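Coordinate analysis (summary)
Listed below, chain by chain, are the residues.
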Amino acid sequence: MTSRRAAGGPTAADSRFMARALALAARGLGRTFPNPPVGALFVRRGRVVGEGFHTRAGAPHAEIEALRAAGGRAAGAVLYVTLEPCVHHGRTPPCIDALLPLGLERVVVAIADPDPRVRGRGLARLRRAGIPVVLGVGAAEAGLLTAGYRSRVLRGRPLVTLKLATTLDGRIAPAGGSQRRSGPEWITGPAARRLAHALRDISDAVLVGAGTVRADDPRLTCRLKGGRNPVRIVVAGRRLELPRGARILTPGGPPTWVVAPTRATPARVEALRRRGVEVILEPARSGRIPFAAIMRTLGKRGLTTVLVEGGATVAAQVLAAGVVDRLVLFVAPLLLAGDGVPAVAPLGLRRVADAFRVDAVAVGRAGRDLVVEGRLRRRP
Ligand code: AOF
Ligand code: ZN
C-alpha cells in the first residue's frame, strides 16, 4: 500500500482516505448552513494522524479541526480535504495560512470551492508554494454532499426536495383529512417514517403550507436519536391562519419561520413575532407569494437545503414554480380511490406533454412501503 506514483495522480489509497474524509463531511449535513459540510484528514506514512469536520457555521473549518487533532504530526503529511481550502477571512481566518507552514507532502482535494471569495485561489496558493495538488478524487460524492451549498452559492437559492407520502393511487389522506380520534393515522409505515425523519435530520429546513399546520398540527421536528431539528417554515396567507395552540408555535422549540404576504394583518404578524416566530414578509401576486421569490429569500438567509413536505397546494405550487430539484416519494400499499386527497393539487395540465418529468429514478423499499427517488427535469 505505498502511495508512490509517477506524476502526482491519485492512488487507490487516495480514494480510500478521501472516502473517509467524505464520511466525516457527511456528519455535518444539515448542520453547517450557510456553509458547506466539509471533512479533512492528515495522513503520514499511510496512517491517519488527525481528522475533523466542519460542525456548524462559525466553528473552525474541517482542515483546522483535523490540524488540531493531528498537532505536530501534521508536518510533512498528506492532507485529504473534500473542499478546496479557503483563502479569505470570513467568520474564521483563512485555512491556507494554517496549512502553508506545515510543509505538506501533497494535498488531495475532492472539489473546488464555488464561493467567489475562493474559486480556485486556495488550489493556486498551494501550487505556488510548491505543494503538489491532486483535484477530483471523490468529486462525485463531494458534489452530492455540497449540492445544497453549491445551489445557494451559484443559483442564490437552496436545493429543494419535495417529499410526498402517498397511497398507490397517489392520495395523501381520505377526503376531509384523516379522522384522528386516537393519534395520527399514518399512510406510510414506521420504516418509511424513520426515513422521512432522516431526511429532516440532513435538511437545513422543512417547509409546509398553513393548511397542513391546520389539518395535521405537525411538529416538523426530527425524532431520530442523535438527530437535529431543521428550521420549520410555514407559508401562510394574508390572515396568517395558524391555530394559537399549533405545536410549531410552542415556545422553546426549534426556530419557526412564517412566510406571509407583505399585506398580512399587522396585528397577527406582531402576535407571532411576540411568540418568537420569525415572520418574513414577501410581496404577493393575487394573494400568493411566488415560490421562486420565497426560495431566493431563503437562500439569502443562508439555507442550502429545503425539504418541502406538502400539502397538496404547496406541492403543486413548488412544482409549477420550477423550484423542485429532487423528489422523494414514499408509496404505501393502499388505495384510497377518488375519495382521497391527491398528493398534488390541480395545475390545469391538459396533455401528457405537460407532465412534470422525473429523471434518474431509483426505487427502494422501506418495510411494506416503496421509496421512489428522482430528479425533476428542468422545463423549457
Ligand atoms: C466551512 N467549513 O470546513 C471549509 C469552508 O465564514 P467562514 O469563515 O466559516 O467561511 C465560510 C466559507 O469558507 C465557505 O463559504 C467556504 O467558501 C469556505 N470553506 N467553510 O464552513 C469548512 N473548508
Ligand atoms: Zn477554511
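Residues numbered from 1 in each chain as written. Chains lettered and ligands numbered in written order. Predicted model: local features only at pLDDT ≥ 70, side-chain atom pairs only at ≥ 80, totals over all residues. Heavy atoms only, no water.

**Digging into the domain arrangement of the protein chain**
Partitioning the protein chain into domains gives domain 1 (12-150) and domain 2 (158-376). Taking only C-alpha atoms into account, the centre of domain 1 sits 34 Å from that of domain 2. Taken together, the nine residues of domain 1 in the interface contact 14 residues of domain 2. At the boundary of domain 1 with domain 2, total buried surface from both sides reaches about 870 Å², with 61% on carbon and sulfur atoms. Linking domain 1 with domain 2 are one salt bridge, by the criterion used here. For Asp201, the salt bridge is made with Arg31, and the minimal N-O distance between the two is 2.6 Å. At the boundary of domain 1 and domain 2, one finds two residue pairs in polar contact (both at pLDDT 80 or more). Among the elements that take part in the side of domain 1 that touches domain 2, helix α6 (residues 147-155) stands out by supplying three residues, more than any other. Partitioning the side of domain 1 that touches domain 2 into residue classes produces six nonpolar, two polar and one charged. (Domains from an automatic or database assignment. Contact = heavy atoms within 4.5 Å. Buried area = accessible area lost by both parts, 1.4 Å probe. Salt bridge = Lys/Arg side-chain N within 4 Å of Asp/Glu carboxyl O. Polar contact = N/O pair within 3.5 Å; in protein donor to acceptor, adjacent residues only side chain to side chain. Helix = DSSP H or I, 4+ residues; strand = E, 2+ residues; numbered from the N terminus. Nonpolar A, V, L, I, M, F, W, Y, C, P; charged D, E, K, R; others polar.)

**Remarks on the site of ligand 1**
Among the 18 residues in the neighbourhood of ligand 1, the closest are listed as Asn35, His54, His61, Ala62 and Asp113. Residue Arg91 places a main-chain N or O atom 2.8 Å away from an oxygen atom belonging to ligand 1. In the environment of ligand 1, an oxygen atom lies 3.0 Å from a nitrogen or oxygen atom belonging to the side chain of Tyr149. With the chains in place, 99% of the 490 Å² that ligand 1 exposes on its own is no longer accessible. Taken together, the residues of the shell around ligand 1 sort by class into seven nonpolar, six polar and five charged. (Near = heavy atom within 4 Å. Areas by Shrake-Rupley, 256 points an atom, 1.4 Å probe, with all protein chains shown as cover.)

**Things to note about the sheet that holds strand β15 (residues 358-366)**
The sheet built from nine strands is open, its strands ordered β11-β10-β9-β8-β12-β6-β13-β16-β15 with mixed pairing. Both outer strands of the open sheet, β11 (278-282) and β15, are each paired with one neighbouring strand and no more. Between one strand axis and the next, the sheet turns by 20° as a mean value, whatever way the strands run. Inspection of the sheet shows strand β6 (residues 159-167) paired to strand β12 (residues 305-308) by four bridges, in the parallel sense. Residue pairing for β12: Leu159 is matched across the bridge by Thr305. Sheet strands touched by helix α9 (residues 266-274): β10 (256-261) and β11. Its angle to β11, the strand with the most contacts, is close to 145°. In the packing of helix α11 (residues 312-320) onto the sheet, the strands contacted are β6, β8 (205-209), β12 and β16 (369-376), and the crossing angle to β6 comes to about 140°. (Pairing = 2+ DSSP bridges. Axes fitted to C-alpha atoms, helices over the stretch in contact; angles between N-to-C directions.)

**Points about the coordination of the zinc ion (ligand 2)**
Those protein atoms acting as donors to the zinc ion (ligand 2) are His61 (ND1), Cys86 (SG) and Cys95 (SG), and they sit at 2.0 to 2.2 Å. Sequence spacing of the donors to the zinc ion (ligand 2): H-x24-C-x8-C. Linking His61 in the loop between β2 (47-53) and α2 (62-70) with Cys86 in the loop between β3 (78-83) and α3 (95-99), this pair joins segments that are 25 residues apart in sequence. Given the relative accessible area of 4%, Cys86 is considered buried. (Donors = N, O, S within 2.8 Å, 3.2 Å for Na, K, Ca; no water. Buried < 20%, exposed > 50% of the residue type's maximum accessible area, 1.4 Å probe, protein only.)

**Focus: the packing of aromatic side chains**
Tallying each qualifying case throughout the model produces one aromatic pair. Taking the centre distance of 5.3 Å and the plane angle of 45° together, the rings of Phe17 and Tyr80 count as tilted. With a gap of 63 residues between them, Phe17 in helix α1 (residues 12-26) and Tyr80 in strand β3 connect regions that are remote in the sequence. Residue Phe17 is classed as buried on the basis of its relative accessible area, which comes to 6%. (Phe/Tyr/Trp six-rings, centres within 6.5 Å; stacked < 30°, edge-to-face > 60°.)

**Examining the sheet that holds β2**
The sheet built from five strands is open, its strands ordered β2-β1-β3-β4-β5 with mixed pairing. Whereas interior strands pair on both sides, the edge strands pair on one side only; in this sheet they are β2 and β5 (133-135). Neighbour-to-neighbour, the strand axes of this sheet turn through a mean angle of 15°, independent of strand direction. The strands that α1 touches are β1 (39-44), β2, β3 and β4 (106-111); relative to β1, the one it contacts most, it runs at about 145°. Of the strands in this sheet, β1, β2 and β3 touch α2, which is tilted by about 135° from β2.

**A look at helix α10 (residues 291-300)**
In terms of burial, α10 is largely enclosed, as seven of its ten residues are buried. Considered for burial, the residues of α10 that qualify are Phe291, Ala293, Ile294, Met295, Thr297, Leu298 and Gly299. The positive-phi residue at the C-terminal boundary of α10 is Gly302, with phi of around 95°.

**Section: the pattern of salt bridges**
Here the structure, examined in full by the defined rule, presents 18 salt bridges. Note that Asp14 is salt-bridged to Arg106, the shortest N-O span being 2.8 Å. Note that Asp14 is positioned in helix α1 and Arg106 in strand β4, a separation of 92 residues in sequence. Neither Asp14 nor Arg106 differs from the other in exposure class; each is buried. For Asp325, the salt bridge identified is with Arg378, shortest N-O distance 2.8 Å. With Asp325 in the loop between α11 and β13 (326-332) and Arg378 in the segment after β16, this residue pair connects regions lying 53 residues apart in the sequence.

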